[in-house]
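# Coordinate analysis (summary)
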Amino acid sequence: MITASFLPGAIELMIIGSMAVLGVVPFWMICSKAGFPGWLSLVMLIPMLNLFLLFFLAFAEWPALKAKEEREQSES
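Residues numbered from 1 in each chain as written. Predicted model: local features only at pLDDT ≥ 70, side-chain atom pairs only at ≥ 80, totals over all residues. Heavy atoms only, no water.

## A word on the packing of aromatic side chains
Inclusion rule: Centres within 6.5 Å make a pair out of two Phe, Tyr or Trp rings, where for Trp the six-membered ring is used; the pair is then stacked when the planes are under 30 degrees apart, edge-to-face when over 60, and tilted otherwise. Under the scheme used here, helices are H or I runs from DSSP no shorter than 4 residues and strands are E runs no shorter than 2 residues, and both carry numbers assigned from the N terminus. Relative accessibility under 20% of the residue-type maximum defines a buried residue, over 50% an exposed one, and the middle range a partly exposed one, all with a 1.4 Å probe and only protein chains included.
For the coordinates displayed, the defined rule picks out three aromatic pairs. With a centroid separation of 5.1 Å and 55 degrees between ring planes, the pair formed by Phe36 and Phe56 is classed as tilted. Of this pair, Phe36 sits in the loop between helix 1 (10-34) and helix 2 (49-59) while Phe56 sits in helix 2; the two residues are 20 residues apart in sequence, bridging distant segments of the chain. Given the relative accessible area of 14%, Phe36 is considered buried. For the pair Phe55 and Phe59, a centre-to-centre distance of 6.1 Å together with 20 degrees between the ring planes defines the contact as stacked. Of this pair, Phe55 and Phe59 are both found in helix 2, four residues apart, which corresponds to roughly one turn of the helix. As far as the burial class goes, Phe55 and Phe59 line up, both exposed. Cluster of aromatic residues (ring-pair linked, three or more members): Phe36, Phe52 and Phe56.

## Regarding a negative patch on the surface
What counts here: Put simply, a patch holds well-exposed residues, over 30% relative accessible area, that have no salt bridge, with like charges counted together within 9 Å and Val, Leu, Ile, Met, Phe, Trp or Tyr side chains within 5 Å. Note on areas: Shrake-Rupley, 1.4 Å probe, and residue coverage restricted to the protein chains presented here. The working definition used for a salt bridge is a side-chain nitrogen of Lys or Arg within 4 Å of a carboxyl oxygen of Asp or Glu. In this charge count, Lys and Arg are treated as positive and Asp and Glu as negative; neither His nor the chain ends contribute. Note that the charge is assigned to NZ on lysines, CZ on arginines, CG on aspartates and CD on glutamates.
A contiguous patch of negative charge, built from Glu61, Glu69, Glu70, Glu72 and Glu75, is present on the exposed surface. Topologically, Glu75 is positioned in helix 3 (residues 63-75).

## Let's talk about the environment of Ala64
Spelled out, the test is: Here a residue-residue contact requires only that any non-hydrogen atoms of the pair lie within 4.5 Å.
Note that Ala64 resides in helix 3. Judged by relative accessible area, Ala64 falls into the partly exposed class, the value being 28%. Residues Ala64 and Ser32, spaced 32 residues apart in sequence, show a C-alpha to C-alpha distance of 8.9 Å. Contacts of Ala64, omitting those with residues within four sequence positions, involve Lys33, Ala34 and Gly35.

Next up, the structure:
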């Protein structure tokens, strides 16, 4: 008889779920503050695309900063 020892139990699913939440929530806040849609942080759940998101956030021109600069120039 073959046992299904490869199936995750409740504790493993809670650990995986909490790790997913702990990974997505901070990036949701970062994306929102940068001016990007918050749902973009869900990419953190996909292997290899999460690295793309990190590089994108690091090197992209943030819409929030661009809007701030435009407001400062219009006030001057």
